[in-house]
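Residue strings, one per chain:
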Amino acid sequence: MQAFVYCFTSAILLVAGAPITHAAQPIVIASGHGERTPKQPQAAIDPNGNVHVVFGVGNTVQYTGSTDGGSTFGKSAKAFEVPNMSLGMRRGPRIVGTKDAIVVTAVGGKQGKGKDGDVLAWRSMNAGKTWQGPVRVNDKADSAREGLHAMASGEDGSIWCVWLDLRDKKSEIYAARSADGGETWEPNIRVYQSPDGSVCQCCHPSVIVKGTTLVIMFRNSLEGNRDMYVMSSADNGKSFTTAQKLGHGTWPLDACPMDGGMLAALSDGTIETAWRRDDKVYLATNAATPEVLLGRGQQPWIAGTSKGTVIVWTTGREGDLMVRKPGSQQPQKLASKARDPIVVTSSDATGAAICCWESKNGDNVQITVQRIDVQ
């Protein structure tokens, strides 16, 4: 597999109407229930080091940002509405930050609930004060109705969006590129079609970008097995490598685990992947090397630093939140009763990492953020 450089498609930081906060210790940054439940925070770090955060509340996308590298955040505000937005179980908005623009995508439709749905893109040219859009990314209407997608930006300002597509009545991996900061999107590319009909129908894909090169990870469905695969392109999506299975083991499963894992890159461009098989999470460098057991759990997320990768996961759908820092073989417990953790690192892959997760406190859903020292 070719070498790539880091990119941040998701992670986290802030939220729902909270005042300015400092992120040196675990902080509850959003809390709500019912129609005001905050869900699925995502973040991106632009080339200037500014942190941009979005999350969903009902059919609205909320935005906040940090101009001091994540030490403080302003009060979040409604960015825009998404009709019947797909939200929860790794569905929800995605965000990237380029030199000039903030771009956010989300899946919504007139009916929702899997009956229809498009990947819709908005962008802000003034640090989140106002938003332009939406622009439809998928060029076949309602083909993104599964609601699962990912997005990443390259060093040249290009943006790639990847999603599960149903235009041919079966789940396939599609992608599209924007070369103008999310204002327009190029014709869609079918990246992968399973010879067995569909890829895994409810696991989100992942993508990272370096210039004209991108690598995509997804959970496949082949011969009754639900294993992770990777593909890459070095020519702006004109051609892709053959899909390669990750790990020497396999997962026979006649169901969808709704767990898509994540990609990251080290400072030397080495790709690392974190993903789930059965009730365990694994780390794999490429398709040729054996996977490394991280521990019991699910919903892993990974981010690259100059020291190595930071990996987080939970021991159950709601369980202990574990983190493995660079240079350590033993994970540490960060919290209890957590779900859907995300981790992100700074744009130069140095310094601290930021982890965020959802948890329940009585009737309320909370989002908590914690800074992780990786020095």
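Residues numbered from 1 in each chain as written. Predicted model: local features only at pLDDT ≥ 70, side-chain atom pairs only at ≥ 80, totals over all residues. Heavy atoms only, no water.

## Structural notes on the nonpolar core
Part 1 of the argument: Of all hydrophobic cores here, the largest spans 25 residues; its most connected members are Ile302, Ile311, Val312, Leu321 and Val343.
Part 2 of the argument: Mapped onto this core, the elements with two or more residues apiece are strand 18 (262–265), strand 20 (280–284), strand 22 (298–305), strand 23 (308–314), strand 24 (319–324), strand 25 (332–345) and strand 26 (353–361).
Part 3 of the argument: Ignoring any residue separated from it by four or fewer positions in sequence, one finds isoleucine 302 in contact with Met262, Leu263, Ala264, Glu272, Thr273, Ala274, Leu283, Thr309, Val310, Ile311 and Val343. (Core = buried A, V, L, I, M, F, W, Y, C linked by side-chain atoms within 4.5 Å. Buried < 20%, exposed > 50% of the residue type's maximum accessible area, 1.4 Å probe, protein only. Helix = DSSP H or I, 4+ residues; strand = E, 2+ residues; numbered from the N terminus. Contact = heavy atoms within 4.5 Å.)

## Some details on the pairing of strand 3 (residues 51–57)
Part 1 of the argument: Most of strand 3 sits out of view: seven of its seven residues are buried.
Part 2 of the argument: Burial along strand 3 is two-sided: the residues Val51, Val53, Phe55 and Val57 and His52, Val54 and Gly56 are all buried.
Part 3 of the argument: Counting the residues in the hairpin turn of strand 2 (residues 38–45) and strand 3 gives five residues, including glycine 49, whose phi is positive at 90°.
Part 4 of the argument: Taken together, the seven bridges between strand 3 and strand 4 (residues 60–66) define a ladder with antiparallel strand orientation. Bridge pairing in strand 4 places valine 53 opposite threonine 64.
Part 5 of the argument: If you look at the hairpin formed by strand 3 and strand 4, you'll find two residues sitting between the two strands, and glycine 58 has a positive phi there, around 60°. (Pairing = 2+ DSSP bridges.)

## As for the pattern of salt bridges
Part 1 of the argument: One pass over the full model with this rule turns up 15 salt bridges.
Part 2 of the argument: Between glutamate 183 and arginine 123 there is a salt bridge whose closest N-O contact spans 3.2 Å. With a gap of 60 residues between them, glutamate 183 in the loop between strand 12 (172–178) and strand 13 (189–192) and arginine 123 in strand 8 (residues 118–124) connect regions that are remote in the sequence.
Part 3 of the argument: A salt bridge links glutamate 291 to arginine 277, with the nearest nitrogen and oxygen atoms 2.8 Å apart. Residue glutamate 291 is found in the loop between strand 20 and strand 21 (292–296), and its partner arginine 277 is found in strand 19 (residues 271–277); the two are separated by 14 residues along the sequence.
Part 4 of the argument: Within this structure, Asp139, Asp165 and Arg167 form a network of salt bridges that share partners. (Salt bridge = Lys/Arg side-chain N within 4 Å of Asp/Glu carboxyl O.)

## Considerations on unusual backbone geometry
Part 1 of the argument: The peptide bond linking glycine 133 to proline 134 adopts the cis configuration, its omega dihedral lying at 10°.
Part 2 of the argument: If you trace the backbone, proline 134 turns up in strand 9 (residues 132–136).
Part 3 of the argument: Despite not being glycine, aspartate 142 has its phi angle at roughly 65°, a positive value.
Part 4 of the argument: Within the secondary structure, aspartate 142 sits in the loop between strand 9 and strand 10 (149–153).

## Let's talk about the sheet that holds strand 23
Part 1 of the argument: With respect to topology, seven strands assemble into an open sheet ordered 1-27-26-25-24-23-22, the strand pairing being antiparallel. The strands lining the two open edges of the sheet, one partner per strand, are strand 1 (27–32) and strand 22. Averaged over all pairs of adjacent strands, the angle between their axes in this sheet comes to 25°, without regard to strand direction.
Part 2 of the argument: Where strand 1 meets strand 27 (residues 364–372), five bridges bridge the pair, whose relative direction is antiparallel. (Axes fitted to C-alpha atoms, helices over the stretch in contact; angles between N-to-C directions.)

## Remarks on the state of the cysteines
Part 1 of the argument: Going through the model one piece at a time under the given rule, you end up with zero disulfides.
Part 2 of the argument: With no disulfide of its own, cysteine 200 has cysteine 256 as its nearest cysteine by sulfur position, at a separation of 3.3 Å. (Disulfide = S-S within 2.5 Å.)

## Here's the deal with the environment of leucine 246
Part 1 of the argument: Assignment of secondary structure puts leucine 246 in the loop between strand 17 (244–245) and strand 18.
Part 2 of the argument: Residues leucine 246 and valine 230, 16 residues apart in the sequence, show an inter-C-alpha distance of 7.2 Å.
Part 3 of the argument: Ignoring any residue separated from it by four or fewer positions in sequence, one finds leucine 246 in contact with Met217, Met228, Val230, Thr273, Trp275, Ala284, Asn286 and Ala287.

## Description of the side chain of aspartate 118
Part 1 of the argument: Within the secondary structure, aspartate 118 sits in strand 8.
Part 2 of the argument: Buried within the structure, aspartate 118 lacks any salt-bridge partner; its nearest side chain of opposite charge belongs to arginine 136, at an N-O separation of 4.5 Å.
Part 3 of the argument: In this structure the side chain of aspartate 118 is engaged in a polar contact, spanning 2.9 Å, whose partner is the side chain of asparagine 138.
Part 4 of the argument: In contact with aspartate 118, not counting residues within four places along its chain, are Ala106, Val107, Gly108, Arg136, Asn138, Lys140, Ala141, Asp142, Ser143 and Ala144. (Lys, Arg positive; Asp, Glu negative; His and termini not counted. Polar contact = N/O pair within 3.5 Å; in protein donor to acceptor, adjacent residues only side chain to side chain.)

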